[in-house]
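# Structural description and commentary
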Amino acid sequence: MRSAILADIHSNAAALTAVLDDIDHRGGVDELWLLGDITGYGPDPHRCIEILRRYKCFGVAGNHDLAVLEKVSLTPFDPDAAAAARWTTRQLSVDDAIWLSRLPERLEREGFTLVHGAPRRPIWEHLGSLSGARENFSAFSTTYCLIGHTHIPTGFKKERDGVSAVLMSESVGLVLGRERMILNPGSVGQPRDGDPRASYAVYNSDAGIFRLHRIPYDIDAVRERMWSAGLPIRLSARLERGE
């Protein structure tokens, strides 16, 4: 079975469409695994949900998804993110809100635990360090855990004497064996590793290989849609810088 792993789409329909087109070009997948923050920041929340509902999806909610549903406070958000969340809430149809509200905070699928932030604190924790990974391996029982939230492709491996970083590269597929791992495929809609291309991964369970992919998309068109919607300028400016 082949599963595409998508995190932090953030209402960026152009990036999502580019990723799905690339998936089709590579032979397609059986399922989409969504790691939260489908909404927030970007100009097309309804369109993204509309697209995803055509696919066989298994996924979890992120902090932005809960914010636009008014299930968490906007107090932890910076002013631009909060403004975008309020705007997004007004764009969602009833069916959109129902679909989002059915996403759990944690999900197990085919030997993987899926969360948005970290297994210890699924909604809010940013997991990007060895020390953080070390403390989170005890918070899930499956062999692997998939996370998002940082918008940066990252991997950690549990070893006998500690935790080590895992190389995440487009050019080299990661073979998954018996070692426990925490893996982040980066962000579809708002990468923050200095590379503005959309980031996602595909897991082939038959081969046991997890592979990262980076795909260009029309950033200028997304920025123009954000300007037209009156979304904060900083949110559109950061797209071209991948930050």
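Scroll up to find the structure.
Residues numbered from 1 in each chain as written. Predicted model: local features only at pLDDT ≥ 70, side-chain atom pairs only at ≥ 80, totals over all residues. Heavy atoms only, no water.

This part is about the environment of Thr 88. By the secondary structure assignment, Thr 88 is in helix α4 (residues 79–91). Sequence separation between Thr 88 and Lys 71 is 17 residues; the distance between their C-alpha atoms is 14 Å. In this view, Thr 88 contacts Thr 39, Gly 40, Pro 45 and Val 68; residues no more than four positions away in its chain are not counted. Within the structure, the side chain of Thr 88 is placed 2.7 Å from the backbone oxygen of Ala 84, a separation counted as a polar contact. (Helix = DSSP H or I, 4+ residues; strand = E, 2+ residues; numbered from the N terminus. Contact = heavy atoms within 4.5 Å. Polar contact = N/O pair within 3.5 Å; in protein donor to acceptor, adjacent residues only side chain to side chain.)

The next thing to look at is the pattern of salt bridges. A side chain of one charge can pair with a side chain of the opposite charge if their charged atoms are brought near each other. This structure, assessed with the given rule, holds 18 salt bridges. Between Arg 120 and Glu 125 there is a salt bridge whose closest N-O contact spans 2.6 Å. Assessed through its relative accessible area of 7%, Glu 125 is described here as buried. The salt bridge involving Glu 159 is made with Lys 157; its shortest N-O contact spans 3.8 Å. The class for Glu 159 is partly exposed, based on a relative accessible area of 29%. (Salt bridge = Lys/Arg side-chain N within 4 Å of Asp/Glu carboxyl O. Buried < 20%, exposed > 50% of the residue type's maximum accessible area, 1.4 Å probe, protein only.)

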